[in-house]
Amino acid sequence: MDFKKKMLRDDALEGKTIIVTGGGSGLGMSMTRYFLELGANVVITSRNLEKLKASAKTLEEETGGKCLPVQCDVRHYDEVEHMIEQAHTAFGEVDVLLNNAAGNFISPTERLSANAFDTIIDIVLKGSKNCTLALGKYWIDKKQTNKTVLSIVTTYAWTGSGYVVPSATAKAGVLAMTRSLAVEWAKYGIRFNAIAPGPFPTKGAWDRLLPGDLKEKFDLAKKVPLKRVGDHQELANLAAYLVSDFAHYLNGEVITIDGGEWLKGAGQFNLLEMVTPEMWDQLEEMIRSQKKK
Ligand code: HXC
Ligand code: NAP
C-alpha cells in the first residue's frame, strides 16, 4: 500500500490561484508543493520573508510552478489586505484561501500570561478571521464566484484539550466560523470546509509540542489505532481535493485525517486492547458464570 502516492489528475487545479497562510514551512509547504504540481499559482505568506523566499524558490524549482512569497502577519488586517492586493497584482483573481498559519505550545494554562493566551488566539482565530473576511468581502463586492476557503483545525477543536488551551479555544472558533459561513455565504458561491489532522511530523509542531526528549517518551504513533503518524502527501491529497472543483458539493464539512486517534481516546472501552487472549478467556468465563448464579 502506498499512501504517499499523488491522488489527483495533473490538471486538477489548473488556472486556480491559491493563498496559503504559513505556506513557507511544514504542512503548508507540503500542501503548496502539491497545489503547484496540479497547476495552481500559489501565494505563500508568513511573518518571515527570508524563509518564504527560500521556500518559494525550492518549490518553483521542484515543480516548475509559480509561487509568490509575500510577508504578512495574519494578526494585522491591513497587512492581510495588502497581501491580497499583491496576490491580485501577480495572478489576477484569487480562487482559494487556505487558513493554515498557526501558533501553539504546550503549557499548564495557569502559567500563561494574558499576552501568551492572546498571542495564540490572535494568530489562529483572528488571523483566520482576518484572511477570510478580507478575501470574502472582496469576492462578494466583485461578484466573483466558485471560491473556497479551507481551514486547518485539529481534532481537539471539538474535544478540547488540556495544556494547549489557547489553541483548542481558537481552533474551535475557526471551526464555528467555517460551519457558519458555509451556510451564510453559499449564496455568494463561496464554499467553506476544514481539515482536522492528527499527528503529522513537522519541525514547527514537534519542537513546541514535544520539546526535548518528550519526542522519545511520548510517541504519538502509539496513540493512533493505525499505529503510525500521517504522511504529508496524504494531507496534501485531501486538501487538493477539497479546494478543487471535484469537491464542489462539499460545504461546511470538517474531515478528520488522524488514523482514528481521537475516537480511540473517546471510546470508553478502547483501553481493553491491552487485554491478552488468555486474559479474555478468563474474563469471558467470569462473565458467563454470572448467569449461573
Ligand atoms: C509560556 C510562552 C511560551 C511558553 C511564549 N510564551 N512561549 N508562555 N510557555 N512556552 C509567551 C511569551 O512569554 C509572551 O508572553 C507571549 O507568549 C508571546 O510570545 P512571543 O515569543 O513574544 O510571541 P511571537 O514571537 O509572536 O511567537 C509566537 C509563538 C511562537 C506562538 C509563541 O511559538 C511561534 O512563532 N509559533 C509559530 C509556529 C507554531 O507555533 N507552529 C506550531 C503549530 S502546531 P509575555 O506575557 O511574556 O509577553 C499546531 C498543532 C496542533 O498547531 C495539533 C497537533 C496534534
Ligand atoms: P508550522 O510549520 O510551524 O506552521 C505554522 C506556520 O504558521 C509557519 O509557517 C509560520 O510561519 C506561520 N505563522 C505563525 N504565525 C503567523 C502569523 N502571525 N502570521 C502569518 N503566519 C504565521 O507547523 P505545522 O505543523 O506545519 O502546522 C500547520 C497547520 O497544521 C497549523 O494550522 C496547525 O495547527 C495544523 N496542525 C498540525 C498538526 C501536526 O501534527 N503538525 C496537527 C494538527 C493540526 P512564520 O513563523 O514564518 O510566521
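As the structure is a computational prediction, the values presented were derived from the model and not from experiment. What you see as residue numbers is a count from 1 along each chain, following the sequence as written. Numbering of ligands from 1 and lettering of chains from A proceed in the order in which they are written. It should be noted that, the model being predicted, local features are given only for residues of pLDDT at least 70 and side-chain atom pairs only at 80 or more, the latter also being counted only at that level, while totals for whole chains, interfaces and linings use all residues. Working from all heavy atoms in the structure, the side-chain values ignore hydrogens and water.

Explain the overall build of the protein chain to me, please; I cannot follow it from the model alone.
Along its length, the protein chain carries eleven helices and seven strands. We compute the radius of gyration from the C-alpha atoms alone; for a globule the expected value is 2.2 Å times N to the 0.38, where N is the number of residues. Computed over its C-alpha atoms, the radius of gyration of the protein chain comes to 21 Å, within 12% of the 19 Å expected for a compact globule of 293 residues. Each of the three principal axes of the protein chain carries a C-alpha extent, and together these read 80 × 45 × 40 Å. In the protein chain, once contacts between residues fewer than 6 apart in sequence are set aside, the share between residues at least 24 apart is 75%. Values of accessible area rely on a 1.4 Å probe in the Shrake-Rupley scheme; residue burial ignores everything except the protein chains shown. Split by element, the accessible area of the protein chain, about 15,400 Å² in all, is 55% carbon and sulfur. His is not counted, nor are the chain ends; Lys and Arg add positive charge and Asp and Glu add negative charge. Charge coordinates come from a single atom per side chain, which is NZ of Lys, CZ of Arg, CG of Asp or CD of Glu. Across the protein chain, the centroid of the 36 positively charged side chains sits 3 Å from that of the 36 negatively charged ones. By the criteria applied, helices consist of DSSP H or I runs no shorter than four residues and strands consist of E runs no shorter than two, each listed in order from the N terminus. Should any heavy atoms of two residues lie within 4.5 Å, those residues are considered in contact.

Would you mind showing me how to read the site of ligand 2 here?
For each residue, the test is whether any non-hydrogen atom lies within 4 Å of the molecule or strand; if one does, the residue is near. Ligand 2 sits among 28 residues. The nearest are S25, L27, R47, N100 and T202. We define a polar contact as two N or O atoms separated by no more than 3.5 Å, with the added condition that, inside protein, one atom must be a possible hydrogen donor and the other a possible acceptor, whereas residues neighbouring each other in sequence contribute only through side-chain atom pairs. In this structure, an oxygen atom belonging to ligand 2 sits 3.4 Å away from a main-chain N or O atom of G22. Between ligand 2 and the protein, one listed contact pairs an oxygen atom with a side-chain N or O atom of K51 at 2.8 Å. In isolation ligand 2 exposes 880 Å². Once the protein is present, 89% of that is buried. Counting residues per element, the ones that place at least two in the shell around ligand 2 are α1 (26–37) and α7 (203–209). Take the shell around ligand 2: its biggest share by element is three residues, from α7. For the shell around ligand 2, the class distribution of residues is 13 nonpolar, ten polar and five charged. Three residue categories are used. Nonpolar comprises Ala, Val, Leu, Ile, Met, Phe, Trp, Tyr, Cys and Pro, charged comprises Asp, Glu, Lys and Arg, and polar comprises the others, including Gly.

I would appreciate a short explanation of a negative patch on the surface in the present structure.
Negative charge collects at one region of the surface, where D78, E79, E81 and E85 lie side by side. You can see E85 is positioned in helix α3 (residues 77–91). Residues enter patches when their relative accessible area tops 30% and they take part in no salt bridge; the joining distance is 9 Å for like charges and 5 Å for the nonpolar side chains Val, Leu, Ile, Met, Phe, Trp and Tyr. Salt bridges are defined by distance alone: a side-chain nitrogen of Lys or Arg within 4 Å of a carboxyl oxygen of Asp or Glu.

What's the story with helix α6 (residues 165–184) in this structure? I'm lost.
One turn of the α-helix equals 3.6 residues, which is why residues spaced by three or four share an orientation. To estimate how far a helix should extend, the number of its residues minus one is multiplied by 1.5 Å. Over its 20 residues, α6 runs 28 Å from end to end, which matches the ideal 28 Å to within 8%, given 1.5 Å per residue. In this scheme, a residue with accessible area under 20% of its type's maximum is buried, one over 50% is exposed, and one in between is partly exposed, where area comes from a 1.4 Å probe on protein chains only. For α6, every residue scored as buried is listed here: P166, S167, A168, A170, K171, G173, V174, L175, M177, T178, L181 and A182. The secondary structure elements touched by the buried residues of α6 are α4 (114–141), β5 (147–152), α5 (156–159), β6 (190–197) and β7 (254–257).

How should the site of ligand 1 be read in this particular structure?
Around ligand 1 there are 17 residues in total, and R47, N104, S113, N115 and R208 lie nearest to it. The side chain of S113 places a nitrogen or oxygen atom 2.5 Å from an oxygen atom of ligand 1. A distance of 2.8 Å separates an oxygen atom of ligand 1 from a polar atom in the side chain of N115. Isolated, ligand 1 exposes 1,100 Å² of accessible area, and the fraction of that covered by the protein chains is 60%. For the shell around ligand 1, the secondary structure elements donating two or more residues are α4 and α7. A breakdown of the residues in the shell around ligand 1 according to their chemical character gives seven nonpolar, seven polar and three charged.

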